[in-house]
Amino acid sequence: MANAPDRSAAAASRERLERLDERPFPPGDYDVVLVGSGPGGLQTAYSLARTGIPRCAVISRDPAPGGMFRSFPVYQRLISWTKPDAPFERGTREYEWYDHNSLVGDEREHQALAPEFMDRAFDVPARPEMEAALVEFATRGDVRVRYGCEWLSTRRDDAGFVLDTSDGEYRCRVCVFAIGVTEPWVAPIPGLEAAPHYVAANAPERYEGKSVFIVGKRNSGFELAQGLLPWARRIVLGSPRPVDTAMLAFSPLSIRYLSPYTEHVRGGTGSYVVDAAIERVERNADGYRILASGTTWEGELELEVDEVIAATGFRAPVRDLPTLGVAMVNDGRMPAQTPYWESVSVPGIYFAGNLTQASPGLRKHGATSSSGSVNGYRYNARVLARHIAEKHFGLGRERRSLNNDEVVPHLLGELAHAPELWTQKGYLARVVDIDGTDGIRDEGIVPLADFVDRDDGDACAVAVEYDADGTIIPVVYLRRGGHLEEHQLPPHPLHRFGTDEHRQQLAACLAPLLSGKASATRI
């Protein structure tokens, strides 16, 4: 592999992994217990360890780091890209914008690990390359996990929560579940339960010369279709909603998987994308019969196929959390969450990793967050760890003090380069508090929905967002005297938001807040 760690580095990693495998965190009393060792769990564990919370335990039923990337995607190639050579050097904050697969660390040796394992055959890593990068992050970052310890059930007591596990009881004040959205969910279509789910799909070559119907037109459905193009005789993807290519900027659907769709549009290739409500799937001696009715077209569809695959999505393996009072959303597939990823109904239970996609944010113009992907939830995890430390354990952090004339350049720099704002468009924001007694303080990255909902003091926030046409724009939010204002700054074809025009407009927006405020002494 290009740029692979040398033999001595690999040996050092093995030694560290052996040390991490000493099964730390025995059952007992802790401040925080984190469940999960996928990328969301590893990033959250790494970030929690740096907050100063005294006793954090991390447990996982898996035998090693990696989570879902130990098995998925089933056809082995990710959709999220990493650019090994980019306009910024690896290890810089700006480089994270070009690397959507590495976890983020505080030290150079913990950063930009995914490109070290990529062979550059593609600009996206293969599944084993992603898994290797996660193992390396855990070893270099000293992310300690008690592997082979399965969370079984949860209950409350006077001090907080009790997690029953295969190793015994863990008691804590705060729980964080980074358990993924990995449990197959089959749509309630009569007969579909007889077909394999995405997770049980065969290797592509097993479909050679066959006619395949894929139920579902999201990422997993198109991933399967893309992998089957060289093998299957005919591929049909069906679901009620159409593929709206005009909304791809707002959608989690990856354009990388849309070759079957373009072949459908051109016609004559044996790939079809059908807008139809699947009414029934019948198993017979020769394969399956699909009965459906059109949604964007009138008529009935009856189709004989050799194979059916249900790409109908996943649910979170929440076990007994609903009986504890945890409210669920999205057909009961994910827990409902606050902007800080806390259960809306059971305080003290938090969620990390791709489960944070259930905290929707503002969803302006229908745009969704990137919280279902590593590049988004790695930043959520950092914010979450800091929030838990401050809210539950009183562990404040030093906030950088700014002078009046530093605010505009600081915020313009964030709009131009901050990877948090660019990967979590309209979801995370950079906030500056402006207080007459405490001066001007950089509050760091916060959930935009929380900033918009609050009314405690004067402040400003900047975010990178989409407008109604899908154009990327910088947006400024001002909170003054309990009143919130929103100002859009102009777009730029190269996304350069540090021009004189942007500087002048941002300064004009901030003038009412900054005027009359005393400059704080820098720390």
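Residues numbered from 1 in each chain as written. Predicted model: local features only at pLDDT ≥ 70, side-chain atom pairs only at ≥ 80, totals over all residues. Heavy atoms only, no water.

1. Quick notes on the confidence of the model for the chain
Here's step 1: In the predicted model, the chain carries a mean pLDDT of 90, and 92% of its residues have values of at least 70.
Here's step 2: Within the model, the stretch residues 518–523 combines pLDDT values under 50 with 19 contacts to residues more than four positions away or in other chains. (pLDDT = per-residue confidence, 0-100. Contact = heavy atoms within 4.5 Å.)

2. Describing empty space enclosed by the protein
Here's step 1: A complete count under the given rule lists three cavities of 30 Å³ or more for this structure.
Here's step 2: Estimated volume of the largest cavity: approximately 100 Å³.
Here's step 3: Lining the largest cavity we find Pro360, Leu362, Arg363, Lys364, Ala367, Thr368, Ser369, Lys425, Gly426, Tyr427, Glu465 and Tyr466.
Here's step 4: A breakdown of the residues in the lining of the largest cavity according to their chemical character gives five nonpolar, three polar and four charged.
Here's step 5: The calculated volume of the second largest cavity comes to roughly 70 Å³.
Here's step 6: The wall of the second largest cavity is formed by Gly91, Thr92, Tyr95, Glu96, Asp99, Ser102, Leu103, Val104, Gly105, Gln111, Ala112 and Arg378.
Here's step 7: Each residue belonging to the lining of the second largest cavity can be placed in one class, and the counts come to four nonpolar, five polar and three charged. (1 Å grid on protein atoms, 1.4 Å probe; cavity = no way out; pocket = protein on both sides within 12 Å on 5 of 7 lines; lining within 4 Å. Points joined across faces, edges and corners; volume = space filled by probe spheres on them. Nonpolar A, V, L, I, M, F, W, Y, C, P; charged D, E, K, R; others polar.)

3. A look at the pairing of strand β23 (residues 472–480)
Here's step 1: When you tally the buried positions in β23, you get eight out of nine residues, the bulk of the element.
Here's step 2: Across eight bridges, strand β22 (residues 459–466) lies against β23 in antiparallel orientation. Within β23, the position partnered with Glu465 by the bridge is Ile473.
Here's step 3: Counting the residues between successive antiparallel strands, the hairpin from β22 to β23 contains five residues, one of them, Gly470, with a positive phi of roughly 85°.
Here's step 4: Relative to strand β24 (residues 483–488), β23 is paired through six bridges, and the arrangement is antiparallel. The partner of Arg480 across the bridge, within β24, is His483.
Here's step 5: The turn joining β23 and β24, which pair antiparallel and follow one another in sequence, is formed by two residues; a positive phi near 60° is taken by Gly481. (Buried < 20%, exposed > 50% of the residue type's maximum accessible area, 1.4 Å probe, protein only. Helix = DSSP H or I, 4+ residues; strand = E, 2+ residues; numbered from the N terminus. Pairing = 2+ DSSP bridges.)

4. Brief notes about the nonpolar core
Here's step 1: One finds Leu163, Phe177 and Ile349 to be the most contacted residues of the largest nonpolar core, which totals 131 residues.
Here's step 2: Ranked by residue count, the leading element in this core is helix α7 (residues 374–393), at nine residues.
Here's step 3: Counting residues in hydrophobic clusters, the runner-up holds 19 residues, among them Leu192, Ala195, Val215 and Ala310. (Core = buried A, V, L, I, M, F, W, Y, C linked by side-chain atoms within 4.5 Å.)

5. Re the sheet that holds strand β3 (residues 56–59)
Here's step 1: Here we have four strands laid out as an open sheet, ordered β3-β2-β7-β18, and parallel in their pairing. At either margin of the open sheet sits one strand with a lone partner, and together these are β3 and β18 (349–351). Each strand axis lies, on average, 20° off the axis of its neighbour in the sheet, ignoring direction.
Here's step 2: Seen against the sheet, helix α2 (residues 39–48) touches β2 (32–35), β3 and β7 (174–177) and runs at an angle of roughly 160° to β2.
Here's step 3: Its contacts with the sheet place α7 against β2, β7 and β18, and it is angled at close to 170° to β18. (Axes fitted to C-alpha atoms, helices over the stretch in contact; angles between N-to-C directions.)

6. Thoughts on unusual backbone geometry
Here's step 1: Here the phi dihedral of Phe25 falls at roughly 55°; this positive angle occurs in a residue that is not glycine.
Here's step 2: Relative to the elements of secondary structure, Phe25 occurs in the loop between α1 (7–20) and β1 (28–29).
Here's step 3: Assessed through its relative accessible area of 16%, Phe25 is described here as buried.
Here's step 4: Positive phi values are uncommon outside glycine, yet Asn330 reaches one of about 55°.
Here's step 5: In this structure, Asn330 sits in the loop between β16 (328–329) and β17 (334–335).
Here's step 6: We classify Asn330 as partly exposed; its relative accessible area is 40%.

7. Remarks on the sheet that holds β24
Here's step 1: Ordered by their spatial adjacency, six strands build an open sheet running β19-β21-β20-β22-β23-β24, and the pairing between neighbours is antiparallel. Because the sheet does not close on itself, it has two edges, and the strands there are β19 (401–402) and β24.
Here's step 2: Bridge analysis of strand β20 (residues 428–435) against strand β21 (residues 439–447) gives eight bridges, and the strand direction is antiparallel. Within β21, the residue paired with Val431 across the bridge is Gly444.
Here's step 3: Here α7 sits on the sheet and contacts β20 and β21; the angle it forms with β21, its principal contact strand, is near 125°.

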